[in-house]
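# Chain and residue survey
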Amino acid sequence: MAGHSQFKNIMHRKGAQDAKRSKIFNKLAREITVAAKSGLPDPAANPRLRAAILAGRAQNMPRDRIDRAIKQGTPGGGDDANYEEVRYEGYGPGGVALIVEALTDNRNRTAAEVRSSFTKYGGSLGETNSVSFMFSRIGAIFYPAAAADADAVFEVALEAGADNVESDENGHEVTTTVENFGVVRDALEAKFGGAESARLTWRPLNTVAPSEDAAASLLKLLDVLEDNDDVQVVEGNFDISDELMQKLTA
């Protein structure tokens, strides 16, 4: 789940996410397998695989689970499923725009499940590009605060061609253009080690502050979407205050 207050909102919902750790591992394993299939099974030569492995480690994914997922993505590794990357777009409660990215081996099944989830919680699934024009496609790289001080991250990121760096007590978020993402990620990795998160994402151009009732329904919709094995990422243009987020997730 990612909205304007991405990391703060994630922090408040971390307890609920911990209860879904097996689901998280399944999603991470699928991304690792697909990344291994899409290039070499060597993370040093496959940036997507390297990022997927780092994401797994950030979630304390067991090493043997990571190795098994890589093996499944190599020829003869046992995973013959043909996963496709699919994007769904629509509106959630309160007029919040949502982008859902999935990895699926059955487009019809996933589309039906995503559509049903939107409908159940007061949203509506639209056509491709029905809301993506309200977002910018960017690269986002996140390091915890302990990884380095703000000035050091800023200096390396700026030199590598990053667009922006925001640092607070939770960590450092570096944003880049899609074109510069790989160069900036590699420069930061060379200096500070692997990032906690490094991926292309959707950043809203403007945000919506849903009412309390709409926000409650929205969080239920996000939970259901994230509980779907095929759904990898959900991005939105919502901005829920810390106070309201704490109240709704207490």
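Residues numbered from 1 in each chain as written. Predicted model: local features only at pLDDT ≥ 70, side-chain atom pairs only at ≥ 80, totals over all residues. Heavy atoms only, no water.

As annotated in an unreviewed UniProt entry, the protein chain carries the name Probable transcriptional regulatory protein GBZ48_14120 and comes from Azospirillum melinis. Entered under Subcellular location (unreviewed entry) in the UniProt record, the comment concerning the protein chain runs "Cytoplasm". Entered under Sequence similarities (unreviewed entry) in the UniProt record, the comment concerning the protein chain runs "Belongs to the TACO1 family." (UniProt positions renumbered as here; feature names shortened; annotations may be inferred.)

So, on to the overall build of the protein chain. Along the backbone of the protein chain there are 10 helices and 8 strands. The C-alpha atoms of the protein chain give 18 Å as radius of gyration, which agrees with the globular expectation for 250 residues (18 Å, within 12%). Projected onto its principal axes, the C-alpha coordinates of the protein chain cover approximately 45 × 45 × 35 Å. For the protein chain, the exposed area adds up to about 12,200 Å²; of that, 49% sits on carbon and sulfur atoms. Distance between charge centroids for the protein chain: 6 Å, based on 28 positive and 38 negative side chains. (Helix = DSSP H or I, 4+ residues; strand = E, 2+ residues; numbered from the N terminus. Rg over C-alpha atoms; globule rule 2.2 N^0.38 Å. Areas by Shrake-Rupley, 256 points an atom, 1.4 Å probe, with all protein chains shown as cover. Lys, Arg positive; Asp, Glu negative; His and termini not counted. Charge placed at Lys NZ, Arg CZ, Asp CG, Glu CD.)

In this section: the packing of helix α4 (residues 47-58) against helix α8 (residues 181-192). What describes two packed helices is the angle between their axes and the distance between those same axes. Where α4 meets α8, the axes come as close as 12 Å, and the angle between the chain directions of the two elements is 55°. The angle between α4 and α8 falls in the class oblique. Pair α4 / α8 crosses with left-handed handedness. Contact residues: P47, R50 and L54 in α4; R185, D186 and E189 in α8. (Axes fitted to C-alpha atoms, helices over the stretch in contact; angles between N-to-C directions. Parallel < 35°, antiparallel > 145°, perpendicular 65-115°, else oblique. Left-handed = near helix turned anticlockwise from the far one by under 90°. Contact = heavy atoms within 4.5 Å.)

Sheet architecture is open: 4 strands sit in the order β3-β1-β2-β8, paired in antiparallel fashion. Each end of this open sheet is capped by a strand with a single partner; those strands are β3 (124-125) and β8 (231-236). Alignment of strand β1 (residues 84-91) against β3, held across 2 bridges, turns out to be antiparallel. In the strand pairing of β3, G90 is matched with L125. Where helix α6 (residues 107-120) meets the sheet, its contacts fall on β1, β2 (97-104), β3 and β8, and the angle it forms with β1 comes to roughly 20°. (Pairing = 2+ DSSP bridges.)

Relative to the elements of secondary structure, T176 occurs in strand β6 (residues 171-176). If near-sequence neighbours (up to four positions away) are discounted, T176 is found in contact with I138, G139, I141, A162, D163, F181 and V184.

Bringing the sheet that holds strand β7 (residues 197-204) into the picture now. Strand pairing in a sheet is mediated by backbone hydrogen bonds. Such pairs are either parallel or antiparallel. If you walk across this open sheet you meet the 4 strands as β5-β6-β4-β7, and the pairing is antiparallel. Of all strands in the sheet, those with a lone pairing partner are β5 (164-168) and β7, marking the two edges. When the angles between neighbouring strand axes are averaged without regard to direction, this sheet yields 30°.

Turning our eyes to something else, we now look at the nonpolar core. Of all hydrophobic cores here, the largest spans 22 residues; its most connected members are L98, F118 and I240. Those elements that provide at least two residues to this core are β1, β2, α6, α9 (212-226), β8 and α10 (242-249). Counting residues per element, this core draws most heavily on α9, at 6 residues. In this structure, L98 is in contact with Y88, E89, G90, G92, F118, V131, L218, L221, L222, V234, E235 and G236, ignoring residues within four places of it in sequence. (Core = buried A, V, L, I, M, F, W, Y, C linked by side-chain atoms within 4.5 Å. Buried < 20%, exposed > 50% of the residue type's maximum accessible area, 1.4 Å probe, protein only.)

Attention now moves to the packing of helix α3 (residues 21-38) against helix α5 (residues 63-72). Taken N-terminus to C-terminus, the directions of α3 and α5 make an angle of 40°; their axes are 7 Å apart at the nearest point. Accordingly, the angle class assigned to the pair α3 and α5 is oblique. The element α3 and its partner α5 pack so that their crossing is right-handed. Packed against α3, whose contacting residues are F25, N26, A29, I32, T33, A36 and K37, the element α5 presents R65, I66, A69, I70 and Q72 at the interface.

Turning next to the UniProt feature "domain: TACO1/YebC-like second and third" (unreviewed entry) in the protein chain. UniProt feature "domain: TACO1/YebC-like second and third" (unreviewed entry): in the numbering of this structure it lies at residues 83-238. The straight-line gap between the two end C-alpha atoms of residues 83-238 is 29 Å; of that span, 33% is helix and 34% is strand.

When the terminal C-alpha atoms of α8 are compared, their 16 Å separation across 12 residues agrees well with the 16 Å that a helix rising 1.5 Å per residue should span. Just beyond α8, the residue with positive phi is G193, at close to 85°. (Expected span 1.5 Å × (residues − 1).)

A surface patch of like charges, here negative, comprises D149, D151, E155 and E159. Tracing the sequence through the fold places E155 in helix α7 (residues 150-160). (Patch = residues over 30% accessible without salt bridge, like charges linked within 9 Å, V, L, I, M, F, W, Y side chains within 5 Å. Salt bridge = Lys/Arg side-chain N within 4 Å of Asp/Glu carboxyl O.)

A separate point is the pairing of β6. Across the 6 residues of β6, 6 count as buried, placing the element largely inside the fold. In β6, alternate side chains face the same way, and those of G171, E173 and T175 on one face and H172, V174 and T176 on the other are all buried. The pairing of β5 with β6 spans 5 bridges and is antiparallel. If you follow V165 over to β6, its bridge partner there is V174. Between β5 and β6, which follow one another and run antiparallel, lie 2 residues.

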